[in-house]
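Summary of the model geometry
Next come the chains, spelled out residue by residue.
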Amino acid sequence: MTGTEVAWARHPNGRWIVGDAGNQPSVVAVPPVLVRRRPDVTLDGGRVGMLDYRAASLRGIGHLETGKPRQDSYVVTVTRDDHWLVGCVADGVSDGRMSHRAADLACEKLAAELIDGLAAGPEADLGTLDWAAGVAGVNAAIHREFLHTAKVEEAALADVRALMSTTAVAFAVATQADADGTHRAVIASLAGDSAALILDGEGWRPVTAVKGDGEEVASNAVRPLPREVEPEPVTLTLRPGDVLAVITDGIGDPMGSGGGVVGRFLAEQWAEPPDTIEFANQVGFYRKTFMDDRTVIAVWVAPEPT
Amino acid sequence: MTTSATDTHGDDRLLVLPFYIVVDVSLSMSVPQGGDKSAIQAANEILPTVIDGIEASPTLGDVVRLGAVDFSDDARVVLRLDDVRNVNPIPQFTVRGATSYAAAFRLLRQEIEKDYAQLRGDNYKAYRPAVFFITDGEPTDDQSDIVAAYNDLTDPSFKLRPNLIPFGVGTATKDQLDQWVYPKEGSKKPMRSYVMRDGADPAKAITKVAEILLSSVIASAQSVSEQGSAGGFVLDDEDLDSDWN
């Protein structure tokens, strides 16, 4: 069986199988231990201006089987004037028992920082957003919660990371087109290898570095927040009909740079904005050996009227 | 975007985590040391125990690949790296002759290269392997020969260099075995050796190897699909009792 020949189909239980499901359909979910009130799935969808968005975060099969909570998180929201769709996805690092909270805090702080930075609405300059302040805000928030949780007075960031740390990718997209018909956007991968891809008529195209791209041997090493980092935001323009997907590596690992069967599956499913609940099902496909939490925020730019 | 056939192939790769069990089958391993069982009898229970454990979880078998090598005067492949659900019957270790660590290290490098080429061909992306190396000490080859073979196996330019975890029973000492650990103390994710404490029964101690191996398999399989600093293999000896130092 080679990659180009396998396709996708529904399992009798309704889930999608992409390629080989392995034994994933037989996994019995057990509740997360010691973490209450954290949903296995969160889901959002809506339309603002010329954009449709869908967002889903799913507890991975590995965590379902072993009683660990979903450690991924996201925020998707709009600025006060509705001119910008703002979002963040974060992947709490599995080693840390409180990493799901680090992921939540990173998304909340980065979204809040973006909303403030984009207060000028259509006039906002994506080149002057204060990402350093965003990172500082995330670091401080995680640090503060660590002190509270561990009941200590002070702690080094390295000690904080042992209990709670996370990757984060934050973005903003203009909900209205500029005069040339394109939508301004900015994406910053602040830690780790969470990624963003764009789907257009040609297929998927990575915007940020693809984890493990070109590497012969697999590796999971990341440099998570809280940490001093110098963000390298990417500004870009989205065209009518483009789809932007901002993802954690639970979806990025099976997807790679988008050229394989998972990329083709999602490109077909996401040719148009799907029903929001079905979107979660599309993100939760079975695929042998890929068991991590999965989070995607997908943004559709309305096609040009025909 | 246009993608070449190879790009597409690369994006479709599944993840696997290879483990190798390497067992000293020198004659001394067949002599019971106080208990009813010899070390080699105990070593022969490792594969069935680990395979049973992997099969007890729906998803472990999807990710884990297990291989086994023995060594005496020479080294031989006992179980070619495989999905444990394909292993039938489970092969046995049988004693013969002397104790060449160099032969074991050299065969390991060969097998790892061969197995990873096969995995790539089968469209898998593999993490670096972990090697559980069980010996009763007293290698019979030249120290310089062992060092050369070890250096070749763990050469930083060898992308598939394994995590190497020696387990010593019988006359093996901590000093002797620590030199065959990889990566060593001081590296980012150091491994360690385990040496049976004086007076413990080697057969009983080896039974514990299966437990450490299985819990490491489980911890590693978790990490394979998750963000973490561990990068694949995770050594898990939380339940280790006092038979080992």
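Residues numbered from 1 in each chain as written. Chains lettered and ligands numbered in written order. Predicted model: local features only at pLDDT ≥ 70, side-chain atom pairs only at ≥ 80, totals over all residues. Heavy atoms only, no water.

1. Some points on the packing of aromatic side chains
Residues and elements named next belong to chain B. For clarity, the threshold we go by: What counts as a ring pair is set by centres within 6.5 Å for rings of Phe, Tyr and Trp (its six-membered ring), and what kind of pair is set by the plane angle: stacked under 30 degrees, edge-to-face over 60, tilted for all other angles. By definition, any uninterrupted DSSP run of H or I lasting at least four residues is a helix, any uninterrupted run of E lasting at least two residues is a strand, and each is numbered from the N terminus. Remark: exposure states derive from per-residue accessible area (1.4 Å probe, protein chains only) relative to the maximum for the residue type, with buried under 20%, exposed over 50%, and partly exposed in between.
Applying the stated criterion across every chain yields a total of 20 aromatic pairs over all chains. Ring plane angle 35° and centroid distance 5.3 Å describe the contact between Phe105 and Phe133, whose orientation is recorded as tilted. Note that Phe105 is positioned in helix 5 (residues 101-121) and Phe133 in strand 5 (residues 130-135), a separation of 28 residues in sequence. Neither residue differs from the other here; Phe105 and Phe133 are each classed as buried. A ring pair is formed by Phe132 and Phe233, whose centres lie 6.3 Å apart and whose planes are at 85°; its orientation type is edge-to-face.

2. Let's talk about the sheet that holds strand 5 (residues 72-78) of chain A
All names here are of chain A. Note the following rule: Strands qualify as paired when DSSP identifies two bridges or more between them. Convention adopted: a line fitted to C-alpha atoms gives each axis, helices being fitted over their contacting stretch, and angles between N-to-C directions are expressed from 0 to 180 degrees.
The sheet built from five strands is open, its strands ordered 5-6-7-8-11 with antiparallel pairing. Both outer strands of the open sheet, strand 5 and strand 11 (234-238), are each paired with one neighbouring strand and no more. Between one strand axis and the next, the sheet turns by 15° as a mean value, whatever way the strands run. In terms of strand pairing, strand 5 meets strand 6 (residues 84-91) through seven bridges, oriented antiparallel. Bridge pairing links Ser73 to Ala90 in strand 6.

3. Focus: the UniProt feature "domain: VWFA" (unreviewed entry) in chain B
Just so we agree on the cut-off: UniProt positions are given in the numbering used here, feature names are shortened, and annotations may be inferred rather than shown by experiment.
According to UniProt, the positions carrying the feature "domain: VWFA" (unreviewed entry) are residues 18-217 of chain B. The annotated region residues 18-217 of chain B carries 36% helix and 20% strand content, and the separation between its end C-alpha atoms amounts to 9 Å.

4. Things to note about helix 3 (residues 131-150) of chain A
Residue and element names in this part refer to chain A. As a reminder, the rule being used: For a helix, the expected span equals 1.5 Å multiplied by the number of residues minus one.
With 20 residues, helix 3 ought to run about 28 Å at 1.5 Å a step, and its terminal C-alpha atoms sit 28 Å apart, in line with that. Every buried residue of helix 3 is listed here: Trp131, Gly134, Val135, Val138, Asn139, Ala141, Ile142, Glu145, Phe146 and Leu147. Backbone geometry just after helix 3 places Lys151 at a positive phi near 55°.

5. Remarks on the pattern of salt bridges
For clarity, the threshold we go by: Salt bridges are identified by distance alone: a Lys or Arg side-chain nitrogen within 4 Å of an Asp or Glu carboxyl oxygen.
Per the counting criterion, the structure on display carries 25 salt bridges over all chains. Put simply, Arg239 of chain A and Asp200 of chain A hold a salt bridge, and the shortest N to O gap is 3.2 Å. Taken together, the positions of Arg239 of chain A in the loop between strand 11 and strand 12 (243-247) and Asp200 of chain A in strand 9 (residues 195-200) put the pair 39 residues apart, joining distant regions of the chain. For Arg109 of chain B, the salt bridge is made with Glu113 of chain B, and the minimal N-O distance between the two is 3.1 Å. Of this pair, Arg109 of chain B and Glu113 of chain B both sit in helix 5, separated by four residues, roughly a single helical turn. Owing to a relative accessible area of 18%, Arg109 of chain B belongs among the buried residues under this scheme. The class for Glu113 of chain B is partly exposed, based on a relative accessible area of 36%. Each of Arg38, Arg101, Asp104 and Glu145 of chain A takes part in one network of salt bridges that share partners.

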